[in-house]
Amino acid sequence: GDLVMVNGLLFQLSIPLNFLGTVYREVRQSLLDMETLFGLLSEHTPAIKSAPQALPLIVSHGAIEFQNVSFEYTSPVTLSYGEEEPSRRLLLNRLSLV
């Protein structure tokens, strides 16, 4: 009976110890990954640098406006984007994604 009792005790201890070992390995691997990540971040230099005397860009509002934009197709028809509703509808009908 003592052998069965010791076997059961070791089995009951092995499950929590296995869990703690898994947590330890995951934390250790995470710390190594973070160290690698911070090492890579410290080596990275931005491709575009602002001039030392550059002022901060302040944008209050924005808009995009197209004027005199034309589209050409394989057919000899050239559509110009205008203010009229029919030309807009015709332009949208003729556009196709390739």
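As the structure is a prediction and not an experimental result, all values here were calculated from the model. (Residues numbered from 1 in each chain as written. Predicted model: local features only at pLDDT ≥ 70, side-chain atom pairs only at ≥ 80, totals over all residues. Heavy atoms only, no water.)

Novice: Got a minute to help me understand the overall build of the protein chain in this structure?
Specialist: Summing up its helical and strand segments, the protein chain has 2 helices and 2 strands in all. The order of helices and strands in the protein chain, counted from the N terminus, is α-β-β-α. Taken as a whole, the protein chain presents about 9800 Å² of accessible surface, with 63% of it coming from carbon and sulfur. (Helix = DSSP H or I, 4+ residues; strand = E, 2+ residues; numbered from the N terminus. Areas by Shrake-Rupley, 256 points an atom, 1.4 Å probe, with all protein chains shown as cover.)

Novice: Explanation requested: unusual backbone geometry in the structure shown.
Specialist: For residues other than glycine, phi is negative in most cases, and the peptide bonds are mostly trans. The phi dihedral of Asn 68 falls on the positive side, at around 55°, and the residue is not glycine. Considering the arrangement of structural elements, one finds Asn 68 in the loop between α1 (2-43) and β1 (70-72). Judged by its relative accessible area of 80%, Asn 68 is exposed. (Buried < 20%, exposed > 50% of the residue type's maximum accessible area, 1.4 Å probe, protein only.)

Novice: Is there a simple way to think about α1 in this case?
Specialist: Residues lying three or four places apart along an α-helix face the same way, a consequence of the helix completing one turn every 3.6 residues. In a regular helix each residue adds 1.5 Å, so 42 residues correspond to 62 Å; α1 covers 61 Å between its end C-alpha atoms and thus fits that length. In terms of burial, α1 is largely open, as just 0 of its 42 residues are buried. (Expected span 1.5 Å × (residues − 1).)

Novice: Any chance you could explain the confidence of the model for the protein chain here in plain terms?
Specialist: In regions of low pLDDT, the predicted coordinates are not meant to be interpreted in detail. Scored by pLDDT, the protein chain has a mean of 79; 72% of the residues are at 70 or more. Model confidence for the protein chain, summarised as mean pLDDT per element, is weakest for strand β2 (residues 78-80) at 55 and strongest for α1 at 90. (pLDDT = per-residue confidence, 0-100.)

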